[in-house]
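Breakdown of the fold
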Amino acid sequence: MLKELIHKEFKDLVRDPRIWIPFIISALVLPLTGLIISSGMRESISGITTPSNVLVSDLDNTQLTKYLINNLNITGLVAKLEVVNISDMELLKDIAVSSGYEVIIILTSGLTNTVLNSLRPNLTIIDVVKSVSFIPSLKSSIFSSLISDLIGDYLLKTYNVSLTLDLVKQPVNTVSLTYIPTINQTVVGGSRIFVQVSMTSILMPIMFMIITITVLQMAATSTAIENEEKTLEVLLTLPVSRFKILLGKLLGSFAVALLGSLASIVGFIIYILMFSSILQSMTPTTEGFSITPIFSLINFKGMVYLIVSLVLSSFAMAALGVTIGVLSSDVRIASTISSPVVMLVVLPGYYIMFADVGKLNVTLKYLLYAIPFTQPMIMAKEIMFSSPEELTILWLVTSFMFSLVLILLTSQLLRFEKLVRVQRFVSRLRRGYT
Amino acid sequence: MTSVVVEVKDLVKDYDGFRALNKVSFNVYEGDIFGLIGPNGAGKTTLFRILATLLLPTSGTATIYGYDVVRDSGKVRKLITYLPEDVGVYRNITAYEYLRLIAKAYYTSSSDVEECVELGVKLLGLGGRIHDKMKTYSKGMRRRVQVVRALMVRPKVAILDEPTVGLDVIYSQSIRELIKEFSRVYRTTVLISSHNMFEVEGLCNRVALISKGRLIIEGFTEELISKYGVKNLEELFVRLVRDFNA
């Protein structure tokens, strides 16, 4: 009898497309996801492994600093190196941006004397970054270690000063800064700060993905329930226009989605504030530089645009959900249709999460901005390191227009005669799988 | 002489090559409780959906108070209410909220809305439970909510597709009494479909029997029973459908 029971269970499950379609989708989606993530990460990784363009400001101009510069050149870590004698930080930044330098190393005046007095000089290294990616391509730590090693070697080989093991191991105090030219801000810290930025840049798309998917499924399910329970038939016989019925459905779902989105946004802001306050307390004070706390990287205008974009994206997802629900004669069909549609959000979301959006080609970038579902994800990453683009308003309007067109098309469908036909077609398609 | 309220003429409905209704014609008069009977798949729900402006006929016409259900669907919807077979309820809203929503769809002035809701509350007779979420209601209570919803707006024509299906004897009887009393008091014309011949015989003054999309007979219930020399409507139903299918 056990055999028969197992057979019954197996047949019952395997004949249900709801069971095996997700398996097939997973089998197809996972390699696709890997491809998308790896292509997003490829650029980020290449940023670390390629030699850098380095600008050195040698304010000490001694045998030691010349030794350091010569050795930097022969390490293979440097693609282009320019040596200047400029103390003006703003000028150095300008040169770095205009000539495409990724790292600025400042060998301060008196560095050699400090070393010879068995003291640790300050070494300032600035990463010049334009965008954030999953793996931040920050070179300061590499050059900091290199210069430390070189000074340690130099001390051992050349001078017979009173050396301690600690001094040889760590002959300089490195001050790591990050300059973000797109918003003309300098923040303290190198990779440590950017762990937070990277985490945030991943968490924001994930959060938006969760919100948009939840809205889609909620709207699709609630509309499909109307079909399944035949309450939609009642609504369609009321002396109320179809458009109003649809709009009521949509705006009701959207209002719930909005509350959910706002709760998520509040949670996210608290998360950033908590992280920022911890990092602020860990950040050493640095004199001579205008330093920006990490949280203030996200400018107010950008945050407003982001919230508007998220609201419009939720609206579009609610509209799409209602459309799916209208096409589905029951909740199971709505769920079957929703799964591949959700992938349209998830896959570009993965790409945005892991890619360096600053290095995307213009067509792809604009496409991601134009699609309401991906817009808040890419915007969330960009506003960290740049002011909102002038085209942002246009993208927001595009997102809204997408929803309007979808609503108008769905309102055309919202005639029982058409619904019955379309739902039969969808059911036949679904049955056709088995 | 009572006037014709619903006029169905040569109505045909095809679904993907299948003829669900085949030249069906009949009239329903003001104040009638008109029973549409027939075996499963006879076309009763299709016919009701056409009258309720949900489906479009392939050919033929159907009018309600002279308004064509296709051309004047907006006007027809102001005159009718429709109770689909097995219709559910919104699980997380209360019966009171639901009745209010429906009242607002039919009436604009707040006094009319209040009057309509008041009638609904009275007809429903749920007491304090009217403010409970409808998911807590039994099947019978939910069905009663939907029947009351269809009646309380005092439609000219109420189209009720199997209003007592799946209900126990007590609930079925209470719904039948509700419909009968409402029709008598408000002169509402009611179209009912049902598989319960006892129910149709007790409730409907006139009936139409359809099978495989065709009208077999139509007339006053008592006259038909007497004319065919049968004991009741059930016997008449069985005999005519069997003969028709033979």
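In this text the structure is predicted, and so the values were computed from the model without any measurement. (Residues numbered from 1 in each chain as written. Chains lettered and ligands numbered in written order. Predicted model: local features only at pLDDT ≥ 70, side-chain atom pairs only at ≥ 80, totals over all residues.)

**Quick notes on the overall build of chain B**
Counting secondary structure elements, chain B contains 9 helices and 10 strands. The C-alpha atoms of chain B give a radius of gyration of 18 Å, which matches the 18 Å a tight globule of 246 residues would have. Taking all 246 residues of chain B together, the buried fraction comes to 41%. Restricting the contact set of chain B to residue pairs at least 6 apart, pairs at least 24 apart contribute 68%. (Helix = DSSP H or I, 4+ residues; strand = E, 2+ residues; numbered from the N terminus. Rg over C-alpha atoms; globule rule 2.2 N^0.38 Å. Buried ≥ 20, exposed ≤ 12 C-beta atoms within 10 Å, placed from the backbone. Contact = placed C-beta atoms within 7 Å.)

**Let's talk about the interface of chain A and chain B**
Contact residues are listed per partner, giving 12 residues for chain A and 16 residues for chain B. For the side of chain A that touches chain B, the secondary structure elements donating two or more residues are α9 (231–236) and α16 (416–432) of chain A. When its residues are assigned to classes, the side of chain A that touches chain B shows 6 nonpolar, 2 polar and 4 charged. (Nonpolar A, V, L, I, M, F, W, Y, C, P; charged D, E, K, R; others polar.)

**Digging into the pairing of strand β9 (residues 206–211) of chain B**
All names here are of chain B. With 5 of its 6 residues buried, β9 lies for the most part within the structure. Here strand β3 (residues 33–37) runs beside β9; their pairing, made up of 4 bridges, is parallel. From the neighbouring strand, Gly35 faces β9, where its bridge partner is Val207. Bridge count for β9 against strand β10 (residues 214–220) is 6 bridges, and the pairing is antiparallel. Residue Ala208 lies in a different strand from β10, and its bridge partner there is Glu218. The hairpin turn running from β9 into β10, its antiparallel successor, is 2 residues long, and Lys212 in that turn takes a positive phi close to 50°. (Pairing = 2+ DSSP bridges.)

**Brief notes about unusual backbone geometry**
All names here are of chain B. Even without a glycine there, the phi angle at Asp86 is positive, about 60°. Counting through the fold element by element, Asp86 comes out in the loop between β6 (80–83) and α3 (95–106). Residue Asp86 is classed as partly exposed on the basis of its C-beta count, with 13 C-beta atoms lying within 10 Å. Unusually for a residue other than glycine, Glu162 sits at a positive phi of about 50°. Accessibility expressed as a C-beta count within 10 Å gives 22 for Glu162, which makes it buried.

**A short note on the sheet that holds strand β4 (residues 59–64) of chain B**
Two strands in a sheet stick together by hydrogen bonds in their backbones, pointing the same way (parallel) or opposite ways (antiparallel). All names here are of chain B. Ordered by their spatial adjacency, 4 strands build an open sheet running β2-β1-β4-β5, and the pairing between neighbours is antiparallel. The outermost strands of the open sheet, each flanked by one partner alone, are β2 (18–29) and β5 (67–68). As defined by bridge partners, strand β1 (residues 4–15) adjoins β4 across 5 bridges and the pair is classed as antiparallel. Bridging from a neighbouring strand, Glu7 pairs with Thr63 of β4.

**Considering the confidence of the model for chain A**
A residue-level look at chain A finds 79% of positions with pLDDT of 70 or above and a mean pLDDT of 78. Taken element by element, the predicted model of chain A shows its lowest mean pLDDT in helix α2 (residues 17–49) of chain A (69) and its highest in α9(A) (91). (pLDDT = per-residue confidence, 0-100.)

**Considerations on the sheet that holds β10(B)**
All names here are of chain B. The strand order across the open sheet formed by 6 strands is β6-β7-β8-β3-β9-β10, and the pairing between neighbours is mixed. Of all the strands in the sheet, just β6 and β10 have a single pairing partner and so form its edges. Across the sheet, the axes of successive neighbouring strands diverge by a mean angle of 15°, strand direction being ignored. (Axes fitted to C-alpha atoms, helices over the stretch in contact; angles between N-to-C directions.)

**Considering the environment of Glu115(B)**
Mapped onto the elements, Glu115(B) comes out in helix α4 (residues 110–124). In this structure, the C-alpha to C-alpha distance between Glu115(B) and Arg242(B), residues 127 residues apart in sequence, is 48 Å.

**A few points about the nonpolar core**
Within the largest apolar cluster, 73 residues are counted, with the highest numbers of intra-cluster contacts made by Leu51(B), Ile159(B), Leu160(B) and Leu191(B). Apart from the residues lying within four places of it in its own chain, the contact partners of Ile159(B) are Phe48(B), Leu51(B), Ala52(B), Ile80(B), Tyr82(B), Leu83(B) and Leu191(B). Judged by nonpolar contacts, the second largest core, of 56 residues, contains Ala257(A), Val311(A), Leu320(A) and Ile371(A). (Core = buried A, V, L, I, M, F, W, Y, C linked by C-beta atoms within 7 Å.)

**Focus: helix α15 (residues 392–413) of chain A**
Residue and element names in this part refer to chain A. End to end, α15 covers 32 Å across 22 residues, agreeing with the expected 32 Å (1.5 Å per residue, within 8%). Residues Thr392, Trp395, Leu396, Ser399, Phe402, Ser403, Ile407 and Thr410 constitute the buried set of α15. Buried residues along α15 cover an arc of 125° about the axis, so they all sit on one side. Those residues of α15 that are exposed and aimed more than 90 degrees away from the buried face are Ile393, Val397, Leu404, Val405, Leu408, Leu409 and Gln412. (Expected span 1.5 Å × (residues − 1). Arc of directions from axis to C-beta.)

**Brief notes about the pairing of strand β3 (residues 103–107) of chain A**
All names here are of chain A. Burial of β3 is extensive: 5 of the 5 residues sit out of reach of the surface. Going residue by residue along β3, you find Val103, Ile105 and Leu107 tucked away on one face and Ile104 and Ile106 tucked away on the opposite face as well. The sheet contact formed by strand β1 (residues 52–58) and β3 spans 5 bridges and is parallel. Counted as the bridge partner of Asp58 is Leu107 from β3. Strand direction decides the pairing type here: β3 and strand β4 (residues 122–128), joined by 5 bridges, are antiparallel. In the sheet register, Val103 faces β4, and the bridge partner there is Asp127.

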